[in-house]
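# Topology and contacts: notes
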There are 2 protein chains.
Amino acid sequence: MKMNNERTEISDLGEFGLIGHLTKNIELQNVSSLVGVGDDAAVIDHFGKQTVVTTDLLLEGVHFDLMYTPLKHLGYKSVVVNLSDVYAMNATPTQITIGIGISNRFSLEALDEFYEGVYAACNHYGVDLVGGDTTTSQKGFVIAITAIGEVTPDKFVKRSTAKKGDLLCVSGDLGAAYVGLLFLEREKKIFLESPKVQPDLEGEAYVIGRLLKPEARKDIIEFFAEQSLLPSSMMDISDGLSSEILHICKDSEVGCVLYEDKIPIAEETRSAAFKFEIDPTACALSGGEDYELLFTMPQSDYEKINNNPAISIIGYMTEAGEGAHIITKGGSRHEITAQGWNPIGK
Amino acid sequence: MKMNNERTEISDLGEFGLIGHLTKNIELQNVSSLVGVGDDAAVIDHFGKQTVVTTDLLLEGVHFDLMYTPLKHLGYKSVVVNLSDVYAMNATPTQITIGIGISNRFSLEALDEFYEGVYAACNHYGVDLVGGDTTTSQKGFVIAITAIGEVTPDKFVKRSTAKKGDLLCVSGDLGAAYVGLLFLEREKKIFLESPKVQPDLEGEAYVIGRLLKPEARKDIIEFFAEQSLLPSSMMDISDGLSSEILHICKDSEVGCVLYEDKIPIAEETRSAAFKFEIDPTACALSGGEDYELLFTMPQSDYEKINNNPAISIIGYMTEAGEGAHIITKGGSRHEITAQGWNPIGK
């Protein structure tokens, strides 16, 4: 490896700073490359239909812990998180490719379980596994999935096109997966200290299920098509509501007002969060792994959106100069930060 | 992790056995999925054009050794090996996505070097980097690349369509990358034992260059288009000539006769192989990492093919029952095996 005189720590840039740095000089060469890096997925023109493509890399010990993640669930989730990126472009996923690296600690039966989950997701969402690569790893389980989808020309929805006055909307409910993770991490710690203690997860099926077996919001994309709705911007929530809202604000050059009391949080999530003495709103804002869709809609579509119980209107977009703010239940106004809001941290 | 009562070691199946096992129950659901797993790349129909997609996963310590692989070369090669799979379908690559996992031992400058190589390859081959994923790894460098390409409808070329009587052809020359690897591994060993000894690689630029900076055969695909040639089957040579020939024979249900004296081997490769006292033919048959194209052509195209100095006709296809054989320079006939031929091992 070549030695450098200068050394900049990657951690100094953060994930998005790093992506920006690495991709700042890209000039697209093919007329078919309609949207490149910087959104949930890329868009490629194919003479009549447009193709959406997105890749995720999942590493053991970073993205999943096999101590409490059944391999079948892992296979299912690995597919779902990629499909979620395709839906977030308002597209329909059609194919996936999967590359896996496995060490010799995995048996064929273990790998079969993983693929059972992969195929279950493919069947559920109607996508085809069309290719891949299987290789040995020295250590740990490596999963690389690419999803391909189709979208009617110019119906794809980017993050960068929200307008002032648009409604800010979210599907489903938020924060559950994060609380599910807290339970599993707690039980893992107890198990490592006292292997004979049985895990105590009774009544937490909802939040744990949301972590281990998330679903992508195919139904929302179908609802948009049925109702001839086209969001003005959209992305999926993988890092937490506040971080994703800031992406839309920055990329669209708008501000927003978010109402805490409008953020959808399931009763199961609230009661689970209380057991850890944490604020359910903080779980929704900065927990992540919800795989719900965050989108903006023109106000003229208020009625159509409001009639769908799976969608919550949680705020509206403002001018960029007004910044991104949350109005708390108590009526006070705070700036939204990537970790939740100021001054109350997680 | 769920424990299984049965345990089958993955190594018992081998790579191709494993892929076959994991994909045996796939039923393609989308009419747009024309070719699925089992070829260099998948083919997807897009109403007028067809899309080719392929994924590779490259892991440090398994696929590359950073002790003698400059990061810029690694970036270049990571792209090239994927594009090679697209060309092997007779398609033109147009986009790539790249997922990387990096540990904190890599600085930003190191990552920049890697991406310099990625962008150099993108520019050279006219493809766009349109997306990806950047993540932390606990250990080692992980690279996942997906390449997408276009092909005129029904001009894609699979491995499974060679016919009895077809000419067996290969581009460029073979075996060099393997000998290059032997040199680098030898110098690494010497360096680890005596760090002050300077590496002795003089005169071996060709074979080392073929390992560290391979090129994909874009020119051959362009030649086919100019000459209105369509191979009856094709794949790229990543695992070694003999292994790839057996793939074509098995998938196309044909046999073949290969002539040892027709296998193209560069003078630099021959003289380098002699320094290690190994047979240059063995390097070509089972070395791998050549990224040349192996293809079959109807005999009626003999003249067109024979006029291209970048292509060698190395044999012909026979009936499946006749098996796959090599005629050595001495005139004897041996069965081709994935590791070279019987009974002479490598």
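As recorded in an unreviewed UniProt entry, chain A goes by Thiamine-monophosphate kinase and comes from Niabella ginsenosidivorans. Taken directly from UniProt, the Pathway (unreviewed entry) text for chain A runs: "Cofactor biosynthesis; thiamine diphosphate biosynthesis; thiamine diphosphate from thiamine phosphate: step 1/1."

Regarding its fold elements, chain A presents 10 helices and 14 strands. Burial statistics for chain A: of 346 residues in total, 58% are counted as buried. Carbon together with sulfur atoms contributes 51% to the accessible area of chain A, which is approximately 14,300 Å² in total.

All names here are of chain A. Within this structure's numbering, the places UniProt gives as "binding site: Mg(2+) 4" (unreviewed entry) are Asp40, Thr54 and Asp85. Relative to the helices and strands, Thr54 is located in strand S3 (residues 49-59). Residue Thr54 is classed as buried on the basis of its relative accessible area of 4%. Along the chain, the position of Asp85 falls in helix H2 (residues 71-87). For Asp85, a relative accessible area of 10% puts it in the buried group.

Residue and element names in this part refer to chain A. Counting buried residues in strand S6 (residues 142-151) gives 10 out of 10 residues, a clear majority hidden from the surface. Neither face of S6 is open: one carries Val142, Ala144, Thr146, Ile148 and Glu150, the other Ile143, Ile145, Ala147, Gly149 and Val151, and all of them are buried. Pairing of S3 with S6, which is carried by 10 bridges, proceeds in the antiparallel orientation. In the strand pairing of S6, Thr54 is matched with Ala147. By the bridge criterion, 9 bridges tie strand S4 (residues 92-102) to S6 in an arrangement that is antiparallel.

A few words now on the side chain of His325(B). Assignment of secondary structure puts His325(B) in strand S12 (residues 324-327). Apart from the residues lying within four places of it in its own chain, the contact partners of His325(B) are Cys256(B), Val257(B), Leu258(B), Arg333(B), His334(B), Glu335(B) and Ile336(B).

Looking now at the packing of aromatic side chains. Note on aromatic pairs: each is described by the distance of the centres and the angle between the planes. One pass over the structure, following the stated rule, counts 20 aromatic pairs over all chains. Ring plane angle 45° and centroid distance 5.9 Å describe the contact between Tyr115(A) and Tyr119(A), whose orientation is recorded as tilted. Residue Tyr115(A) and its partner Tyr119(A) are located together in helix H3 (residues 108-125), separated by 4 residues, close to a single helical turn. The pair formed by Tyr115(A) and Tyr119(A) is uniform in burial state, with each residue classed as buried. Measuring from centroid to centroid gives 5.0 Å for Phe224(B) and Phe295(B), while their planes differ by 80°, and the two rings are edge-to-face. Taken together, the positions of Phe224(B) in helix H6 (residues 218-226) and Phe295(B) in strand S10 (residues 293-297) put the pair 71 residues apart, joining distant regions of the chain. On the basis of relative accessibility, which here comes to 0%, the residue Phe295(B) falls in the buried class. Clustering of aromatic rings is evident, with ring pairs tying together Phe64(A), Phe106(A), Phe114(A), Tyr115(A), Tyr119(A) and Phe141(A). Sitting over the face of the ring of Tyr76(B), Lys213(B) holds its NZ or CZ atom 4.4 Å from the ring centroid.

This next bit is on helix H6 (residues 218-226) of chain A. All names here are of chain A. When H6 is considered as a whole, its buried residues turn out to be Ile220, Ile221, Phe223 and Phe224. Projected onto a plane normal to the axis of H6, the buried residues spread over an arc of 155° and lie on a single side. Opposite the packed face of H6, turned more than 90 degrees from it, sit the exposed residues Ala225 and Glu226. Two residues or fewer after H6 comes Ser228, characterised by a positive phi angle close to 50°.

Side chains of residues three or four places apart in an α-helix project in the same direction, reflecting 3.6 residues per turn. Taken residue by residue, helix H5 (residues 205-212) of chain B has Val207(B), Ile208(B), Arg210(B), Leu211(B) and Leu212(B) as its buried positions. Against helix H2 (71-87), helix H4 (176-193) and helix H8 (267-275) of chain B lie the buried residues of H5(B).

With that out of the way, let us pick up the UniProt feature "binding site: Mg(2+) 1" (unreviewed entry) in chain A. Here, the residues flagged by UniProt with the feature "binding site: Mg(2+) 1" (unreviewed entry) are Thr55(A), Asp56(A) and Asp133(A). For the residues just named, distributed over 79 residues, the greatest C-alpha separation is only 14.4 Å, placing them together at one site. Topologically, Thr55(A) is positioned in strand S3. Residue Thr55(A) is classed as buried on the basis of its relative accessible area, which comes to 5%. What Thr55(A) contacts, discounting residues up to four positions off in sequence, is Asn82(A), Ile145(A), Thr146(A), Thr97(B), Gly99(B), Gly132(B), Asp133(B) and Thr146(B). In terms of polar contacts, Thr55(A) uses its side chain to reach the side chain of Thr146(A), at 2.9 Å.

Moving on, we get to the side chain of Thr135(A). By the element assignment, Thr135(A) lies in strand S5 (residues 128-136). Within polar-contact distance, the side chain of Thr135(A) engages the side chain of His63(B) at 3.0 Å. Setting aside anything within four residues of it in sequence, one finds Thr135(A) in contact with Ile100(A), Gly101(A), Ile102(A), Leu57(B), Leu59(B), Val62(B) and His63(B).

Time to look at the pattern of salt bridges. All names here are of chain A. Taken as a whole, this structure holds 28 salt bridges over all chains when the rule is applied. Among the ionic pairs, Arg186 bridges to Glu187, the shortest N-O distance being 2.8 Å. A relative accessible area of 30% means that Arg186 is categorised as partly exposed. Note on Glu187: relative accessible area 10%, which makes it buried. The shortest N-O distance in the salt bridge between Arg270 and Glu267 comes to 3.8 Å. Taken together, the positions of Arg270 and Glu267, both in helix H8 (residues 267-275) and 3 residues apart, correspond to about one turn of that helix. Owing to a relative accessible area of 55%, Glu267 belongs among the exposed residues under this scheme.

Quick notes on the rules
Every chain is numbered independently, its residues counted from 1 as its sequence is written. Following the order in which they are written, the chains are lettered starting with A and the ligands numbered starting with 1. For a predicted model such as this one, the threshold for reporting local features is a pLDDT of at least 70, and the threshold for listing and counting side-chain atom pairs is 80 or more; totals across whole chains, interfaces and linings nevertheless cover every residue. Each side-chain value is derived from all of the structure's non-hydrogen atoms; neither hydrogens nor water enter the calculation. UniProt positions are given in the numbering used here, feature names are shortened, and annotations may be inferred rather than shown by experiment. Helix and strand assignments follow DSSP, with helices taken as H or I runs no shorter than four residues and strands as E runs no shorter than two, numbered in order from the N terminus. Burial classification: accessible surface area is computed with a 1.4 Å probe over protein chains only, and a residue below 20% of its type maximum counts as buried, one above 50% as exposed, and the rest as partly exposed. Each accessible area is a Shrake-Rupley result for a 1.4 Å probe, and residues are judged covered by the shown protein chains and nothing else. A pair of strands is considered paired only if DSSP assigns at least 2 bridges between the two. Note on definitions: a residue-residue contact is assigned when non-hydrogen atoms from the two residues lie within 4.5 Å. Geometry of aromatic contacts follows a simple scheme: Phe, Tyr and Trp rings, the Trp one being its six-membered ring, pair when their centres are within 6.5 Å, and the pair is stacked under 30 degrees between planes, edge-to-face over 60, tilted otherwise. Over a ring means this: the NZ of a Lys or the CZ of an Arg is within 6 Å of the ring centre and within 35 degrees of the ring normal. The arc refers to the directions leading from the helix axis to the C-beta atoms. Residues adjacent in sequence count toward polar contacts only when both atoms are side-chain atoms; beyond that, a polar contact is any pair of N or O atoms within 3.5 Å, and within protein one must be able to donate a hydrogen and the other to accept it. Basic side-chain nitrogens of Lys or Arg form a salt bridge, by our definition, when they fall within 4 Å of a carboxyl oxygen of Asp or Glu.

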